[in-house]
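# A closer look at the structure
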Amino acid sequence: MAPRAYWKGYLKLSLVSCPIALYPASSSSERVSFNRINKKTGNRLKQQNVDSETGAPVDREDMGHGYEFAKGQYLQVEDGEMEKIQIESTHTINIESFVPREEIDDRYLDSPYYIAPTDQVGQEAFAVIRDAIREKKMVGLGRVVLTRREHVVMLEAFDKGLLATTLRYAYEVRDQSDYFEDIPDIKLAAEIRQLASHIIDTKADHFDPKKFVDHYEEALVELLRKKQAGSVVEPIRDAEPAPQRVINLMDALRASLKGDTKKPAAASTPSRRTAKKKATR
């Protein structure tokens, strides 16, 4: 069954355009999810909207939008008023500029989408745009309206298609200085830096997302299987003790280097062999 498009429109670079579709590149629907139920009857609960002061249920036609401008005081905004300020949706992603990928701070990255052409007629134009982006080794920036809101999107060549990542606006990214200002500037001894570098070399690897297992999800699935089978649910393992506080940083680094063992890598490369030799000197 073909994936269902999240958005359909056109991709445009100057006078070159083609029909495209956006598909979400990530999903959380495969995760175990729960419904709230009545523990006495086992029936599912229905959410009911009630007035926070009177406690009385509110009919759907009486529900509206309000902006809290003071404690407990709301400025009512009608649906018709909100519709008047909707951003015009042209159903076209117009690539406005190109920038080096490394200039985009990863904090601005939001949600990824796949972009693919929707008909055979536009495939050649799509390939022109995709290959031009790939050859320049840059990313394109454009705008798209999704669920009423306008988003800036970063476009990059990805496999046979394009990867579009919506970007957060500047006001949505918090300034790091608020969190790091109390961290002092510490000048570390050369030996300490070398030991830490050796530890990193022993753990050097290539990223493979399949190596990382969602242990909580697996535990949930096992819990449900046991309950369905009528088995007694036992704790899987005790919580790991908190790490001991480091008293002597140099001793801790040396002990880490001696006690750390690493499984052989699947494929050996010159750079990885060099790193291993350095770590064992």
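Everything numeric here is computed off the predicted structure, so don't read it as measured data. Sequence order as written defines residue numbering, which begins from 1 separately in each chain. The predicted origin of the model limits local features to residues at a pLDDT of at least 70 and limits the giving and counting of side-chain atom pairs to 80 or more, whereas totals for whole chains, interfaces and linings rest on all residues. As a rule here, side-chain values come from all non-hydrogen atoms in the structure, and water together with hydrogens is ignored.

Now for the pattern of salt bridges. Any carboxyl oxygen of Asp or Glu that lies within 4 Å of a side-chain nitrogen of Lys or Arg is treated as forming a salt bridge with it. Tallied over the entire structure, the rule returns eight salt bridges. One salt bridge connects Glu96 with Arg143, and the closest N-O pair in it is separated by 3.5 Å. A residue pair is termed long-range when its members are at least 10 positions apart, and Glu96 in the loop between strand E5 (92-94) and strand E6 (97-99) and Arg143 in strand E8 (residues 139-146) qualify at 47 residues. Burial status follows relative accessibility: with a 1.4 Å probe on protein chains alone, a residue under 20% of its type maximum counts as buried, one over 50% as exposed, and anything between as partly exposed. Looking at Arg143, the relative accessible area reads 35%, which means it is partly exposed. Where Arg168 meets Asp110, a salt bridge forms, and the shortest distance between an N and an O atom there is 3.8 Å. Here Arg168, found in the loop between strand E10 (161-167) and helix H3 (177-180), pairs with Asp110, found in strand E7 (residues 109-117); they are 58 residues apart in sequence, far enough to count as distant. Runs of E in the DSSP output that reach at least two residues are strands. Runs of H or I that reach at least four are helices, and both are numbered from the N terminus.

Judged by nonpolar contacts, the single largest core of 19 residues is most densely connected at Leu11, Ile20, Ile93, Ile115 and Leu155. Those elements giving two or more residues to this core turn out to be strand E1 (7-13), strand E2 (16-24), E7, helix H2 (123-136), E8, strand E9 (149-158) and E10. Here this core gets four residues from one element, more than from any other, and that element is H2. In what follows, a contact means two residues having at least one pair of non-hydrogen atoms within 4.5 Å. Excluding residues that lie within four positions of it along the chain, Ile115 makes contacts with Ile20, Ala21, Leu22, Ile93, Phe126, Leu155, Gly161, Leu162 and Ala164. Residues belong to a common nonpolar core when they are buried Ala, Val, Leu, Ile, Met, Phe, Trp, Tyr or Cys residues joined through side-chain atoms within 4.5 Å. In this structure, Val99, Ile104, Leu141 and Met154 belong to the second largest nonpolar core, which totals seven residues.

So, about the packing of aromatic side chains. The pairing test for Phe, Tyr and Trp rings, Trp by its six-membered ring, is centres within 6.5 Å, and the orientation test on the planes gives stacked under 30 degrees, edge-to-face over 60, and tilted for anything in between. Tallied over the entire structure, the rule returns four aromatic pairs. Ring centres 5.6 Å apart and planes at 25 degrees place the aromatic pair Tyr6 and Tyr113 in the stacked group. Residue Tyr6 is located in the segment before E1, and its partner Tyr113 is located in strand E7; the two are separated by 107 residues in the primary sequence. Given the relative accessible area of 41%, Tyr6 is considered partly exposed. Taking 6.0 Å as the distance between ring centres and 5 degrees as the angle between the ring planes, the aromatic pair formed by Tyr169 and Tyr171 counts as stacked.

What follows covers a nonpolar patch on the surface. Patch definition: residues above 30% relative accessible area lacking any salt bridge, with like charges linked at up to 9 Å and the nonpolar side chains Val, Leu, Ile, Met, Phe, Trp and Tyr linked at up to 5 Å. All accessible-area figures derive from a Shrake-Rupley calculation using a 1.4 Å probe, and residue coverage is judged against the displayed protein chains alone. On the surface, Tyr67, Phe69 and Leu75 cluster together to form a nonpolar patch covering roughly 370 Å² of accessible area. Looking at the element boundaries, Phe69 is found in strand E3 (residues 65-70).

Right, let's talk about the packing of helix H4 (residues 190-202) against helix H6 (residues 249-259) for a bit. Under this scheme, a helix contributes an axis fitted over its contacting stretch, all axes are lines through C-alpha atoms, and angles between N-to-C directions fall in the 0 to 180 degree range. Direction vectors running N to C along H4 and H6 enclose 25 degrees, while the axes themselves pass 10 Å from each other. Between H4 and H6, the angle falls in the class roughly parallel. For H4 against H6, the interelement crossing comes out left-handed. Across from Glu191, Ile192, Leu195, Ala196, His198, Ile199 and Thr202 in H4, the residues of H6 making contact are Leu249, Met250, Leu253, Arg254, Ser256 and Leu257. Residues belonging to the contact of H4 with H6 are distributed by class as follows: eight nonpolar, three polar and two charged. Small angles under 35 degrees read as roughly parallel and large ones over 145 as roughly antiparallel, with 65 to 115 read as roughly perpendicular and the rest as oblique. Crossings are sorted by hand: turned counterclockwise from the far helix by less than a right angle, the near helix makes the crossing left-handed, and turned clockwise it makes it right-handed. Residues are sorted three ways: Asp, Glu, Lys and Arg are charged, Ala, Val, Leu, Ile, Met, Phe, Trp, Tyr, Cys and Pro are nonpolar, and all the rest, Gly among them, are polar.

Turning our eyes to something else, we now look at the pairing of strand E4 (residues 73-77). Every other side chain in a regular strand lies on the same face of the sheet, so the side chains alternate between the two faces. Here a strand pair is declared whenever DSSP counts at least two bridges between the two strands. Here five bridges tie E3 to E4, and the two strands are oriented antiparallel to one another. In the strand pairing of E4, Gly66 is matched with Gln76. The antiparallel pairing of E3 with E4 creates a hairpin that spans two residues between the two strands, and Gly72 there sits at a positive phi of about 75 degrees.

With that settled, consider the sheet that holds E10. Sheet strands pair via backbone hydrogen bonds, and the direction of the pair is either parallel or antiparallel. Strand order in this open sheet of eight strands is E5-E1-E2-E7-E10-E9-E8-E6, and the pairing throughout is mixed. A single partner strand is all that each edge strand has here, and the edge strands are E5 and E6. Averaged over all neighbouring strand pairs, the angle between strand axes comes to 40 degrees, with direction disregarded. Sheet topology note: the E8/E9 ladder contains seven bridges and is antiparallel.

All right, on to the side chain of Glu217 then. With respect to the helices and strands, Glu217 occurs in helix H5 (residues 215-229). Once residues within four sequence positions are removed from consideration, Glu217 is found in contact with Glu30, Arg31 and Val32.

A few words on the confidence of the model for the protein chain. Scored from 0 to 100, pLDDT records how confident the predictor is in each individual residue. Looking at the protein chain as a whole, the pLDDT averages 84, with 85% of positions reaching at least 70. Looking at the elements of the protein chain, mean pLDDT is at its lowest for helix H7 (residues 270-280), recorded as 42, and at its highest for E10, recorded as 97. Confidence drops under pLDDT 50 across residues 261-281; counting only partners more than four residues distant or on other chains, this segment forms 15 contacts.

Moving on, we get to the side chain of Thr166. Relative to the elements of secondary structure, Thr166 occurs in strand E10. Of the residues examined, Thr166 reaches a relative accessible area of 4% and is grouped as buried. Excluding anything up to four places from it in sequence, Thr166 contacts Tyr108, Leu109, Asp110, Ser111, Tyr113, Leu146, His151, Val152 and Val153.

In this model, Lys137 sits at a positive phi of 55 degrees, which is unusual for a non-glycine residue. Secondary-structure assignment places Lys137 in the loop between H2 and E8. A relative accessible area of 73% means that Lys137 is categorised as exposed. The phi dihedral of Arg148 falls on the positive side, at around 75 degrees, and the residue is not glycine.

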